[in-house]
Amino acid sequence: MSQSPAPRKLPGNLNTNRRLDRWLKINRNGTVTAFPGKVEIGQGILTALAQIVAEELDVSLERIRLAPTDTTYSPDEGMTSGSQSITDGGVALRYAAAEARDLLMQRAVSRLGVSLEQLSVSDGVVQARSGGSVTYWDLVTDDLLAREATAEIQPKPASQHTIIGASAPRRDIPAKVSGAPVYVHDLELPGMLHGRVARPPSYQARLASLDDAEVRALPGVVAVVRDGSFLGVVAEREEQAIRALNRVKRIARWEETTVLPETTDPRFLLGEKTEDEVISEKRDAGAAARLAKSLEAEFTRPYIAHASIGPSCAVARYDADRYAVWTHSQGIYPLRRDLAEVLGVENEHVAVTHMDGAGCYGHNGADDAALDAALLARAVPGRPVRVQWMREDEFQWEPYGPAMVVKLKAGLDTAGNVVDWTEDIWSNSHSTRPSGLGGINLLAAWHLEKPFQPSPPRNPPLPGGGSHRNAIPIYEFPNERVTNRLVKRMPVRVSALRALGATANVFAIESFMDELAAAAGADPVEFRLRHLKDPRARAVIEMAATKAGWRKGEKGDGTRGRGIGFARYKNGACYVAVIVEVEAGNEIAVRRAWAAIDAGLVINPDGLINQTEGGIIQAVSWALKEAVRYDRSRILTATWDDYPILGFEEVPQVEVTVVNRPELPPLGAGEGTQGPTAAAIANAIHNAMGIRLRDMPFTRDRVMAALA
Amino acid sequence: MTIAFQINGRRYDANAEPETPLLYVLRNDLKLKGARFGCGAGQCGACTVLVDGKPVQSCDYPLSAAAGKSVTTIEGIGRNGEPHPLQQAFIAEQAAQCGYCVTGIIMVAKALLDANPRPSDADIRSALRGNLCRCGTHQRILRAVHRAAKALAR
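Residues numbered from 1 in each chain as written. Chains lettered and ligands numbered in written order. Predicted model: local features only at pLDDT ≥ 70, side-chain atom pairs only at ≥ 80, totals over all residues.

**Q** Describe the overall build of chain A, and please don't skip the residues or the numbers.
**A** From N to C terminus, chain A includes 16 helices and 24 strands. Against the 2.2 N^0.38 benchmark of 27 Å for 708 residues, chain A shows a C-alpha radius of gyration of 27 Å, consistent with a compact globule. A burial count over chain A gives 56% of its 708 residues as buried. Long-range contacts, defined here as pairs at least 24 residues apart, represent 78% of the contacts in chain A between residues at least 6 apart. (Helix = DSSP H or I, 4+ residues; strand = E, 2+ residues; numbered from the N terminus. Rg over C-alpha atoms; globule rule 2.2 N^0.38 Å. Buried ≥ 20, exposed ≤ 12 C-beta atoms within 10 Å, placed from the backbone. Contact = placed C-beta atoms within 7 Å.)

Below is the structure:
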C-alpha cells in the first residue's frame, strides 16, 4: 500500500488553502481582486492586505479590489483573531502575489522574446530593456492561477519595498465618514423584515408561559417565534418589532434560578475546582541559595465587557431549505458549521457573507445574532430578517473577558536580582467561540426546546495560550514555577476579549516587577533591563523611556506620577513598552502615555499607530473604570449608566513610537498594549501616591480604601 | 397621518406613528443609514443628527417632535458633491477605527463649529462628552475637529 507524501508546509494560511486562485485574480480590466479570508473588524486589515498584494505584484494600490469574505468562495482562514491576520493571512497573500507575478513574468518572457533579466515592471506594465512592453492585463488568461501554490518565489526584500511600509490611507474610511451604508447594520434587502429576540431575564431562566395573542395583534407583527425558551418577534417595521419585543418582555413569565457567583470579587475563583498545569519550571539551586528577601502579592481583574458601540446585528434569509446569512462574525466558516448543525442542514446549505460591523475586540454577540436572524427567518420563508440586538442584550449576553486572579511570590538576592519566581493564575477559558469541539457555541442554541450544549471549556494552547497568555515572564529568572489553574465551571458567560489572559497576567507581572524594584532600591526601567537579554525587548523599553524623558529614580509629587509596563505579546508577537502619567484628583486620570512598539516589518505604520493608540485608550478605560456587575441571579450591567467607559474629557494624550524592523518578519500587533498599559497605570499611581492597587479597576473607592 | 419635516433641505412627509424614534424613519424610510443605533437611550451619540442646527440623539427623539423642523444628517452636510471639511479632516487624520461612532461625532462637531468656529481643545472635548468611542480613536478625532476648524476659517 502506498502513501502519498504529506504536502509540503506552505507559509501562513496558504498551507490550508493551497490554490492560487483561491487568493487572487488578475483581471483583464486592469484590476486585481484579492480574496482574503480575514475580515475587517475596525483594525484596518484590508488596507494592509491590499498593500501587500500591490507590493508583490508591482501594481499601484488603486488597482487592488478586495472581495467580501464569503463562504461561497473565500479561503477558510478560521477566525480573525489573536493578532494573526498579517502573520497568517498577509503572509499567504504575500507569497501568492509573488508567485502570481512570477507566472506573469514567465509569460512576458515568451511574449517579448527576451530573458527575465531584461524585464522590469511598473504598475503592471512589463517593459523590456530593448524596447517592447506588455501589460499584465494582456498576459492574463483564466487559467493563470488555476494551480497549487509552490511558495517557491521569495517575496521582495524590505529594501525594495515602496508600498509596504508606507502609511497608505485606510480604504474604508471615506465611506465610513460619509455615512454610506457600509455595515451589516445598514444592509437593506427587498422585502426585509425586522426581528428582535426577547432574551431570558437571566442565564438559566426558562420560559414558563406566554400568551402571545396580544403580541400577534400588534400593528406590523408578522410572526412570534417560540422554541423552548428562545423567543423572538418579527415585524414589518423596526419600531414595530421593538414595540412587540417590549410587550413580550412584559407578559412572558420565566422561571429563574440563582446561578451567579456570590460576589463580583474575582477571588471567588480561588474556591472553584481547577485543572492545574505547570507551564514553566526552572531550577537553579545556586541562585535559590542567594535568596535574601521575599515578596508576595495577589492581583485581580474583573469580568470586562466588549461594550461595542453598535449592538450586534445580522440579516438572514431562508428559502427552499437554504439559508443566506450576513454577519460581522470574526469567522464565517466556523460560524457556518455551528449554524448548519443547529438549523439541521448541510454546511453547503448555509451561505455566510461577512460585512463590517461596529468595533470588534473579540468574541462578541456577532455569531449569536446570526443564529437569531436565521431562526427568525425560518419562520418567514422568502423574506429576509434583520436582527439588531438592543443595548441591554449586548451588555447582558455578550461573552465577557473572564475574571482572573494572579498570585505571585518572588525572591531577591542582596544584589537586587530576582532569584526565584512563583506564579499561580486562576481563570476560566478565554475562548468559547463557534466550532469548538463537542458542542455548539451559539447563544440561542442553548435556549431551544431541544437545546444544544456548549463545547467543554478549553484553553488555546501555548505559546499563544488563553488564560495563560503571557503568564510566563519574559524576564530571565533562574528559578521559576508558573501554574495555570483553569476553572472549568463558567457561571458567567465568557470568551475571547482583546489580549485574553495577557491583560491580567501582564498587569500582575509588571506591577510586581515594580514592587520588586522598590524592594531592591532600583529604578523600574533599570530593574527590567537587568533581567532582560532580548535586545528587541530592551530597545522598546529604552525607546519609551527616552521619549517620555524618564529620569532614573523619578518620584511623583503626591498627585502626579509616572509608571512603566512592558510585555512581548504572547511572548512571541509585538514588543510594547508603555509609560503613563497619572494625576490623582477626584478620580485617577491618565494624562499622557508614551508607547514604543516593535512589530517587525510594518505594513502600514499609521495603521499600526492607530491600533496602538486605540489599544492604550481602551486599556486606560478598562483599568480605571470597568467591571461587569451582577447579583446571584442576574447580570446588572445593562446600560451605559451601569458600565461607564472613558470619554472625550478623560482621554490621555498618546504618543506612539514605532521601532521599525523591516528586515524581520511582521509580528501581530493589535493587542499588545492592553497589559502593559494597565500595569503602567498601577505603577504610576504608586509612584504618585505611594499606594499599590492590585485589583482592577482603579476606582476612587479603591484609592480611598488604599489610602485609609 | 403624515408628519412633515425638512430632511437635508427637502420636504418629507413621514408615514409612521408619531412616537416612532426619528432614527428609524431616517434609516428605514429615507434610507439614510449614516445615523446609527447604539443604545436607544441617548447615551452614546451614534445616532446624532441636527434638528434646526442643534444636535439631537435621534434614537430617543420622537418623529412628532421633528414636525415642521429642519433635520440634517451626515448625508446632507457636503456641498456640491464634496465632503464637508469635517469629513475631509477625518479622512486626513485617519480618525476612525471601526467608524461606527464617527458620523454622530461629526454631526456634534458640526454644530459646535457652526456656533463656535475657533473652539479650544477643552471646548471640543466638552461638546463630545455625550459621544462614546470604544476603539479609542479620540485623539485623532480631536485633531480632525481642530483641522476642520482651521480649514473652515480660511
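**Q** Can you break down the overall build of chain B residue by residue, with the values?
**A** Counting its secondary structure elements, chain B contains 5 helices and 5 strands. Listing each helix as α and each strand as β along chain B from the N terminus yields β-β-α-β-β-β-α-α-α-α. Its C-alpha atoms give chain B principal-axis dimensions of roughly 45 × 30 × 25 Å. Counting over 154 residues, chain B shows a buried share of 57%. Pairs at least 24 apart in sequence give 61% of the contacts found in chain B among residues at least 6 apart.

**Q** Tell me about the domain arrangement of chain B, residues and numbers included.
**A** Residues and elements named next belong to chain B. Structurally, chain B comprises domain 1 (3-76) and domain 2 (85-153). Using C-alpha coordinates to define each centre, domain 1 is positioned 21 Å away from domain 2. Between domain 1 and domain 2, the contact holds 14 residues from the first and 14 residues from the second. Breaking the side of domain 1 that touches domain 2 down by element, the ones donating at least two residues are strand 3 (48-51) and strand 4 (54-57). Ranked by residue count, the leading element in the side of domain 1 that touches domain 2 is strand 3, at 3 residues. Residue composition of the side of domain 1 that touches domain 2, by class: 8 nonpolar, 4 polar and 2 charged. (Domains from an automatic or database assignment. Nonpolar A, V, L, I, M, F, W, Y, C, P; charged D, E, K, R; others polar.)

**Q** Give me the lowdown on the packing of helix 14 (residues 605-625) of chain A against helix 15 (residues 674-689) of chain A, citing residues and values where you can.
**A** Residues and elements named next belong to chain A. Following both chains from N to C, one finds helix 14 and helix 15 inclined at 50°, their axes separated by 8 Å at the closest point. Relative to helix 15, the element helix 14 is oriented oblique. Considering the relative orientation of helix 14 and helix 15, their crossing is right-handed. Within the contact between the two elements, helix 14 uses Gly-615, Ile-616, Ala-619, Val-620, Trp-622 and Ala-623 and helix 15 uses Gln-674, Thr-677, Ala-678 and Ile-681. Residue composition of the contact of helix 14 with helix 15, grouped by class: 7 nonpolar, 3 polar and no charged. (Axes fitted to C-alpha atoms, helices over the stretch in contact; angles between N-to-C directions. Parallel < 35°, antiparallel > 145°, perpendicular 65-115°, else oblique. Left-handed = near helix turned anticlockwise from the far one by under 90°.)

**Q** An account of the packing of helix 11 (residues 502-519) of chain A against helix 15 of chain A is requested, with residue identities and associated values reported.
**A** Residues and elements named next belong to chain A. As a packed pair, helix 11 and helix 15 sit with axes 7 Å apart at the nearest point and diverge in direction by 35°. The two elements helix 11 and helix 15 cross, and the hand of that crossing is right-handed. The residues of helix 15 that touch helix 11, namely those facing Ala-502, Thr-503, Asn-505, Val-506, Phe-507, Glu-510, Ser-511 and Asp-514, are Gln-674, Gly-675, Pro-676, Ala-678, Ala-679, Ala-682, Asn-683 and His-686. Class assignment for the residues of the contact of helix 11 with helix 15 results in 7 nonpolar, 7 polar and 2 charged.

**Q** Please set out the sheet that holds strand 24 (residues 653-658) of chain A residue by residue, giving values where relevant.
**A** Sheet strands pair via backbone hydrogen bonds, and the direction of the pair is either parallel or antiparallel. All names here are of chain A. In spatial order, the strands read 21-22-23-24; together these 4 strands make up an open sheet with mixed pairing. Both outer strands of the open sheet, strand 21 (560-568) and strand 24, are each paired with one neighbouring strand and no more. Recorded for the sheet is a direction-independent mean angle of 15° between the axes of neighbouring strands. Lying over the sheet, helix 15 contacts strand 21, strand 22 (575-584) and strand 23 (588-598), oriented at roughly 150° with respect to strand 21. (Pairing = 2+ DSSP bridges.)

**Q** Requested: an account of helix 14 of chain A, with residues and values cited.
**A** The terminal C-alpha atoms of helix 14 of chain A, which comprises 21 residues, lie 30 Å apart, in line with the 30 Å expected from a rise of 1.5 Å per residue. Most of helix 14 of chain A is tucked away, with 19 of its 21 residues classed as buried. (Expected span 1.5 Å × (residues − 1).)

**Q** Lay out the domain arrangement of chain A in plain terms, naming residues and giving numbers.
**A** Residues and elements named next belong to chain A. Assigned domains of chain A: these are domain 1 (12-175), domain 2 (184-256 + 306-397) and domain 3 (266-303 + 400-430 + 465-707). A C-alpha centroid distance of 38 Å is found between domain 1 and domain 3. Every contact between the two is made by 20 residues of domain 1 and, on the other side, 20 residues of domain 3. Those elements that place two or more of their residues in the side of domain 1 that touches domain 3 are helix 1 (45-57) and helix 2 (85-112). Sort the elements by how many residues they give to the side of domain 1 that touches domain 3 and helix 1 lands first, with 4 residues. Among the residues forming the side of domain 1 that touches domain 3, the class breakdown is 6 nonpolar, 13 polar and 1 charged.

**Q** Please provide a residue-by-residue account of the nonpolar core, values included.
**A** Soluble globular proteins tend to pack their nonpolar side chains together in the buried interior. Within the largest apolar cluster, 271 residues are counted, with the highest numbers of intra-cluster contacts made by A:Ala373, A:Ala374, A:Ala544, A:Ala595 and A:Ile681. Discounting residues that sit within four places of it in the chain, A:Ala544 has contacts with A:Ile564, A:Ala577, A:Val578, A:Ile579, A:Trp594, A:Ala595 and A:Ala596. (Core = buried A, V, L, I, M, F, W, Y, C linked by C-beta atoms within 7 Å.)

**Q** Give a detailed account of the sheet that holds strand 4 (residues 119-122) of chain A, specifying residues and quantitative values.
**A** All names here are of chain A. If you trace the 3 strands from one edge of the open sheet to the other, you get 4-5-6, paired in antiparallel fashion. Strands at the two margins of the open sheet, each flanked by one partner only, are strand 4 and strand 6 (133-135). Pairs of neighbouring strands in the sheet enclose a mean axial angle of 25°, with direction left out of account. As judged from the 4 bridges shared by strand 4 and strand 5 (residues 125-128), these two strands associate in the antiparallel manner. Bridging from a neighbouring strand, Leu-119 pairs with Ala-128 of strand 5.

**Q** Tell me about the pairing of strand 15 (residues 322-327) of chain A, and name the residues and values.
**A** Residue and element names in this part refer to chain A. In the sheet, strand 14 (residues 313-319) pairs with strand 15 via 6 bridges, with the strands oriented antiparallel. In the sheet register, Ala-316 faces strand 15, and the bridge partner there is Val-325. Alignment of strand 15 against strand 16 (residues 350-354), held across 5 bridges, turns out to be parallel. When the sheet's bridge partners are listed, Ala-324 is paired in strand 16 with Ala-351. Between the parallel pair strand 15 and strand 16, the chain is carried across by helix 8 (residues 332-343), and the sense of this crossover is right-handed. (Right-handed = clockwise from strand over helix to strand, strands pointing away.)

**Q** Can you break down the interface of chain B and chain A residue by residue, with the values?
**A** On the side of chain A, 44 residues touch chain B, which itself brings 45 residues to the contact. Partitioning the side of chain B that touches chain A into residue classes produces 20 nonpolar, 18 polar and 7 charged.

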